[in-house]
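Listed below, chain by chain, are the residues.
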Amino acid sequence: MFLDTAARPVVVVGGGEQAAQKMRLLVRTDARLTLMAEALIPELAGHVAAGRAAHVAAALDEAALAGAAYVFVASEDEALDMRAAEAARAAGALVNVVDRPADCDMIFPALVDRDPVVVAIGTEGAAPVLGRRIKTMLEAALSPRLGPFVAMARGWREAAEAVPAGAARRRFWNWALTGAPWRAWAEGREAEAAAMIGAAIAAGGAPEGGDAALTFIPVPAAPDLFTMRDVERLQAAGTVIHSEGLDPAFLELARRDAARAPVPACPRHGGAARAALDAAEGPVVALCRPECRPL
């Protein structure tokens, strides 16, 4: 779940390092921020001086919590934290208490930020260190160019309404976001990428061959042994054909809205995969026996 902070009143209780850690993320939002503490470390005082946050010079001012949507409690004083959390809930706010997940209505996940793409990693407070490790892996996997590319593509959404709705539009966006335009953008050819998208819209959809119609993928010994390329294909598929009795864990890697088509035998044999193409919308993936090989 993501929370809407735009123009919402948000209070951070505390004036030390823990409060600063919360503010480093919150100042990147459009929330109306208030710091509540008798004294502020220089970093927090700088936010107030720059107009990014208001300051209530009190350890706890219950009246100042009225109307707050979200309250982050980070005073580094356990007794004060508990009093502040109780007062914030009484005022109707959702509460986060630093390092006390059992006392939280909301938990701060680790974030990978490629604005407007944001990936949140949560462990329900059980293993924050693991969350940070996963964040590090994703930071390395997601190109720094991804955010600006998605922002550019978002500017074409209204024009893309000209592409026929349904399968054609899904194929267009799959091509635009994972195919040639993305590769051009990732290589620094931004103008070329935008021109490709505009030309495809003018032509009524993705170029022929913009995505594979049917892909055979052999089922590995365990779901985590799929190659990255195979996971991408599963995520792009509109229909997934698989043998009856296949462990559902393998299908968890497909899109939730993708159609599932179980067949009695290996999809590569008996024509089941080919027959499914006529009724399918978007790319089709057929999960085959391990001895199969992708075409």
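Here the structure is a predicted model, which is why all the values come from computation and not from measurement. (Residues numbered from 1 in each chain as written. Predicted model: local features only at pLDDT ≥ 70, side-chain atom pairs only at ≥ 80, totals over all residues. Heavy atoms only, no water.)

**Here we look at the sheet that holds strand β10 (residues 259-263)**
Consideration 1: Spatially, four strands are ordered β8-β11-β9-β10 in an open sheet, and the strand pairing comes out parallel. Of all strands in the sheet, those bounded by a partner on one side alone are β8 (214-218) and β10. Between one strand and the next, the sheet's axes are offset by a mean angle of 20 degrees, whatever the strand orientation.
Consideration 2: As judged from the five bridges shared by β8 and strand β11 (residues 284-288), these two strands associate in the parallel manner. Each bridged residue has a counterpart across the sheet, and for F216 the counterpart in β11 is A286.
Consideration 3: Against the sheet, helix α9 (residues 228-236) engages β8, β9 (239-243) and β11, with an angle of about 135 degrees to β8. (Pairing = 2+ DSSP bridges. Helix = DSSP H or I, 4+ residues; strand = E, 2+ residues; numbered from the N terminus. Axes fitted to C-alpha atoms, helices over the stretch in contact; angles between N-to-C directions. Contact = heavy atoms within 4.5 Å.)

**Focus on the sheet that holds strand β4 (residues 70-73)**
Consideration 1: Across the sheet, five strands lie side by side as β3-β2-β1-β4-β5; this open sheet has parallel pairing. The outermost strands of the open sheet, each flanked by one partner alone, are β3 (53-56) and β5 (94-97). The sheet shows a mean angle of 20 degrees between the axes of neighbouring strands, taken without regard to direction.
Consideration 2: Bridge count for strand β2 (residues 32-36) against β3 is four bridges, and the pairing is parallel.

**Digging into the packing of helix α6 (residues 167-178) against helix α8 (residues 190-202)**
Consideration 1: Packing of α6 against α8 leaves a shortest axis separation of 10 Å and a crossing angle of 165 degrees. With respect to their mutual orientation, α6 and α8 come out roughly antiparallel. Here α6 and α8 pass one another in a crossing that is right-handed. When α6 is examined against α8, the residues F172, W175 and A176 are found in contact with a partner set consisting of M196, I197, A200 and I201.
Consideration 2: Split into classes, the residues belonging to the contact of α6 with α8 amount to seven nonpolar, no polar and no charged. (Parallel < 35°, antiparallel > 145°, perpendicular 65-115°, else oblique. Left-handed = near helix turned anticlockwise from the far one by under 90°. Nonpolar A, V, L, I, M, F, W, Y, C, P; charged D, E, K, R; others polar.)

**Remarks on the pairing of β9**
Every other side chain in a regular strand lies on the same face of the sheet, so the side chains alternate between the two faces.
Consideration 1: β9 sits mainly inside the fold: five of its five residues count as buried.
Consideration 2: Burial along β9 is two-sided: T239, I241 and S243 and V240 and H242, pointing in opposite directions, are all buried.
Consideration 3: Relative to β11, β9 is paired through three bridges, and the arrangement is parallel. Following the sheet pairing, I241 is matched in β11 by A286. (Buried < 20%, exposed > 50% of the residue type's maximum accessible area, 1.4 Å probe, protein only.)

**Digging into the environment of I121**
Consideration 1: Assignment of secondary structure puts I121 in strand β7 (residues 117-121).
Consideration 2: Along the primary structure I121 and A110 are separated by eleven residues, whereas in three dimensions their C-alpha atoms are 5.0 Å apart.
Consideration 3: Not counting chain neighbours up to four residues away, the residues in contact with I121 comprise P109, A110, V112, G131, I134, K135 and L138.

**Examining the pattern of salt bridges**
Consideration 1: Tallied over the entire structure, the rule returns 15 salt bridges.
Consideration 2: R28 serves as the salt-bridge partner of D113, at 2.6 Å between the closest nitrogen and oxygen. Remark: R28 occurs in the loop between α1 (17-26) and β2 and D113 occurs in strand β6 (residues 110-114); sequence separation between them is 85 residues.
Consideration 3: Overall, D113 belongs to the partly exposed group, its relative accessible area being 28%.
Consideration 4: According to the relative accessible area criterion, R28 is exposed, its value standing at 57%.
Consideration 5: Note that R233 and D230 form a salt bridge whose closest N and O atoms lie 3.5 Å from each other. Placement of the pair is R233 and D230 together in helix α9, with a separation of three residues, close to one helical turn.
Consideration 6: Given a relative accessible area of 11%, D230 falls into the buried group.
Consideration 7: One salt-bridge network, held together by shared partners, links E17, R24 and E43. (Salt bridge = Lys/Arg side-chain N within 4 Å of Asp/Glu carboxyl O.)

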